[in-house]
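Per-entry structural report
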Amino acid sequence: MQLEYRHDTDYFFFSQLLMRHIESYAHKHAEANNAIFDLRDIYKVFREDFAATTTNLESILNIADSYKVETLNGDQTLVQSYRIDVKNNALLINFNPESLQRLKSGHSLIE
């Protein structure tokens, strides 16, 4: 007996969606140095994909935290650290201040 299965997760697609959401957030909240997103909002960003918002979220964040922004000191990651707060149903993201400032001033994300 051969059991074949395929579970195709779109980690890169969801990381791209998340980073575009973060980019939009950074432009709308110019004074913010970090972000706290309700996981229900992330669920909507991920087009209501429950697995992406729960089981696969850590893997998606591992890809998303490698996105960079060009700075005077070379390319630096935008996401400095993150934490999934299950108790409060939130995603907490701390940004690299220099990368965040460059992003807000119009520089693009480097994938």
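By the element assignment, S99 lies in helix α5 (residues 97-104). Judged by relative accessible area, which is 0%, S99 ranks as buried. The contacts of S99, once residues within four sequence positions are left out, are V69, T71, Q76, T77 and L78.

This brings us to the pattern of salt bridges. Per the stated rule, a full pass over the model turns up three salt bridges. Here R20 makes a salt bridge to E23, at a shortest N to O gap of 2.8 Å. One end of the pair is R20 and the other is E23, both in helix α1 (residues 11-28) and three residues apart, which spans about a single turn. The exposure class of R20 is partly exposed, given its relative accessible area of 33%. Counted as one network, the salt bridges with shared partners bring together R20, E23 and E111.

Turning our eyes to something else, we now look at the environment of I36. Relative to the elements of secondary structure, I36 occurs in strand β1 (residues 34-38). In this structure the C-alpha to C-alpha distance between I36 and A51, which are 15 residues apart in sequence, comes to 20 Å. With sequence-adjacent residues up to four places away left out, I36 is seen in contact with A90, L91 and L92.

How each quantity is defined
- Position numbers for residues count from 1 along each chain, tracking the sequence in the order it is written.
- In keeping with the predicted nature of the model, local features appear solely for residues at pLDDT of at least 70, side-chain atom pairs appear and are counted solely at 80 or more, and the whole-chain, interface and lining totals rest on all residues.
- Only hydrogens and water are set aside when side-chain values are computed; all heavy atoms of the structure are taken into account.
- Secondary structure is summarised from DSSP: a helix means a run of H or I of at least four residues, a strand means a run of E of at least two, and numbering begins at the N terminus for each.
- Throughout this description, buried means an accessible area under 20% of the type-specific maximum (1.4 Å probe, protein chains only), exposed means over 50%, and partly exposed covers the range between.
- Contact definition: two residues touch when any of their heavy atoms are within 4.5 Å.
- Note on definitions: salt bridges are taken to be side-chain nitrogens of Lys or Arg within 4 Å of carboxyl oxygens of Asp or Glu.

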